[in-house]
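# Fold and contact review
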Amino acid sequence: MGTANNRKSIFITGAASGMGRESARLFRQKGWFVGAYDVNAEGLRALEAELGADNCVVRRLDVTDKADYERAIAEFGACTGGKMDILYNNAGIGVGGYFDELPFEDILRVVGVNFIGVLNGIHSAIGLLKATPGSLCFTTSSSSATYGMPGIAVYSATKHAVKGLTEALSIEFRRYGVRAADVLPGLIDTAILPPGTAERAPKEGMFRLIPPIEVAKVVWEAYHSDKLHWYVPSEIAELDKAAGNTPELVREQISSTMTFADEVASEKK
Ligand code: NAD
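Now for a quick tour of the structure. Sequence order as written defines the numbering, with residues in each chain counted from 1. With the structure being a predicted model, the display of local features is reserved for residues of pLDDT at least 70 and the display and counting of side-chain atom pairs for 80 or more, all residues being used for whole-chain, interface and lining totals. Only hydrogens and water are removed before side-chain values are computed, so all heavy atoms of the structure are retained for them.

### Some points on the sheet that holds strand β6 (residues 179-185)
What counts is decided by this rule: Here, a strand pair is defined by DSSP locating no fewer than two bridges between the strands. Secondary structure is summarised from DSSP: a helix means a run of H or I of at least four residues, a strand means a run of E of at least two, and numbering begins at the N terminus for each. Structural elements are reduced to axes, namely lines fitted to C-alpha atoms, with helices fitted over the stretch in contact, and the angle between N-to-C directions of any two is expressed from 0 to 180 degrees. What makes two residues a contact is simply this: any of their non-hydrogen atoms within 4.5 Å.
Ordered in space as β3-β2-β1-β4-β5-β6-β9, the seven strands form an open sheet in which the pairing is parallel. Of all the strands in the sheet, just β3 (56-60) and β9 (229-232) have a single pairing partner and so form its edges. Averaged over all pairs of adjacent strands, the angle between strand axes in this sheet comes to 15 degrees, irrespective of strand direction. Seen against the sheet, helix α3 (residues 66-80) touches β1 (9-13), β2 (33-38), β3 and β4 (86-89) and runs at an angle of roughly 155 degrees to β1.

Take a look at the structure:
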């Protein structure tokens, strides 16, 4: 385990894979001290070897466990002299299928990781963020927070919740000088995608497959900006606008592409 030694620091959940891992690598390259947290201990060990033990603190953390989240934050603070420049709540899971056909436990699991996990993180870390001038509370939302998405209804609802929470906290936390922002990624090439999704992805348009480093770059940009919502790719912003202005039209457009949801649902059977 390293110590920050006056370097800036970022606390990342879901750091063993995908966009969390790419963010850990990018911030390390930029000279930051990285806290990497995940339930995937093996992935964390590989990341630690890559980052160098002096440049990071790596620890198993299930974001749904508030008491352990608080311990992880306290340990991180001990490494950074009580500072945290970015809290990056990124851990997430997806469960596909029609809402009424999913076991209720699966539904609660998605809410637990994707939303309660974010509440746990922000509530536990706000003390360190407040103690750090210019700090940023950043979270991974989703393009599915533009309009409720069939086939991933609860996942989509948790990402709407993240987006709404971010908006509210971006105002509440002004009294501490802490910023809040989120990213709404489209289709990113990571392990979370159901098998075959990458192969079926359109070659162009806002739902083309994008490498996770593009999200990591946005986390970096967000720290140096006051922008609230980041879209990857930027065209997702158009979907967000359309969903706000003409939700009935967007409903019909999404309904006409329901084969994707049908495929996801049939994979679960
Ligand atoms: P990923 O599966 O590669 O990474 C997610 C990581 O979260 C994994 O390492 C996993 O072990 C970890 N995790 C899962 N449950 C956890 C828990 N309870 N506690 C701690 N860690 C946990 O997928 P990714 O695409 O990099 O996902 C990162 C975020 O991006 C997620 O919030 C996801 O919902 C969101 N997202 C992904 C896409 C996409 O197309 N890949 C699009 C929009 C949003």
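Still more ground to cover, so stick around.
### So, the environment of Ile 152
With respect to the secondary-structure elements, Ile 152 resides in the loop between β5 (136-140) and α5 (153-172). Here the alpha-carbon distance between Ile 152 and Ile 171, two residues 19 residues apart in the chain, equals 29 Å. Ignoring sequence-local partners within four residues, the contact set of Ile 152 consists of Val 95, Gly 96, Gly 97 and Ser 144.

### Quick notes on the pairing of β5
Put simply, the test is: Three labels apply to residues, based on accessible area from a 1.4 Å probe with only protein chains included: buried if under 20% of the type maximum, exposed if over 50%, partly exposed otherwise in between. With the strands aimed away from the viewer, a crossover counts as right-handed if its path from the first strand over the helix to the second runs clockwise.
Buried residues dominate β5, accounting for five of its five residues. Both β4 and β5 contribute to a ladder of four bridges, which runs parallel. By the bridge assignment for β5, Asn 89 is matched with Thr 139. Following the backbone out of β4, through helix α4 (residues 104-130) and into the adjacent parallel β5, one traces a crossover that is right-handed. Of the strand pairs in this sheet, β5 and β6 are connected by five bridges, and their pairing is parallel.

### Details of the packing of α4 against α5
Worth spelling out the cut-off: Oblique is the label for any angle not under 35 degrees, not over 145, and not in the 65 to 115 range, which are roughly parallel, roughly antiparallel and roughly perpendicular in turn. Handedness of a crossing is defined here by the sense of rotation of the near helix relative to the far one, left-handed for an anticlockwise turn of less than a right angle and right-handed for a clockwise turn. For this classification, the nonpolar set comprises Ala, Val, Leu, Ile, Met, Phe, Trp, Tyr, Cys and Pro, the charged set comprises Asp, Glu, Lys and Arg, and every other residue, Gly included, is treated as polar.
Relative orientation of the contacting elements α4 and α5 amounts to 15 degrees, with a least axis distance of 9 Å. Considering the angle they form, α4 stands roughly parallel to α5. Relative to α5, the crossing made by α4 is right-handed. From α4, Ile 107, Val 110, Val 111, Asn 114, Phe 115, Val 118, Leu 119 and Ile 122 reach across to α5, where they touch Val 154, Tyr 155, Thr 158, Lys 159, Ala 161, Val 162, Leu 165 and Leu 169. Here the contact of α4 with α5 is composed, by residue class, of 13 nonpolar, two polar and one charged.

### Observations regarding the nonpolar core
Put simply, the rule is: Among buried residues, those of type Ala, Val, Leu, Ile, Met, Phe, Trp, Tyr and Cys that are joined through side-chain atoms within 4.5 Å constitute a nonpolar core.
Formed by 30 residues in total, the largest nonpolar core has its most connected members in Phe 11, Phe 76, Met 84, Leu 87 and Ile 122. For this core, the elements supplying multiple residues, two or more each, are β2, α3, α4 and α5. Tallying contributions element by element places α4 first for this core, with eight residues. In this structure Leu 87 touches Phe 11, Tyr 69, Gly 121, Ile 122, Ala 125, Leu 129, Leu 136, Cys 137 and Phe 138, once residues within four positions along its chain are discounted.

### Re the site of the ligand
Short version of the rule: Being near a molecule or strand, for a residue, means having at least one of its heavy atoms within 4 Å of it. We call two N or O atoms a polar contact when they sit within 3.5 Å, provided that within protein one can donate a hydrogen and the other can accept it, with sequence-adjacent residues counted only if both atoms are side-chain atoms. For every accessible area listed, the method is Shrake-Rupley and the probe measures 1.4 Å; residues are considered covered only by the protein chains on display.
Lining the immediate surroundings of the ligand are 27 residues, of which Ser 17, Asp 38, Asn 90, Tyr 155 and Thr 190 lie closest. Between the ligand and Asn 90 there is a distance of 2.8 Å, counted from an oxygen atom to a backbone nitrogen or oxygen. A distance of 2.6 Å is found between an oxygen atom of the ligand and a side-chain nitrogen or oxygen belonging to Tyr 155. Here the ligand, which alone exposes 830 Å², has 92% of that area covered by the protein.

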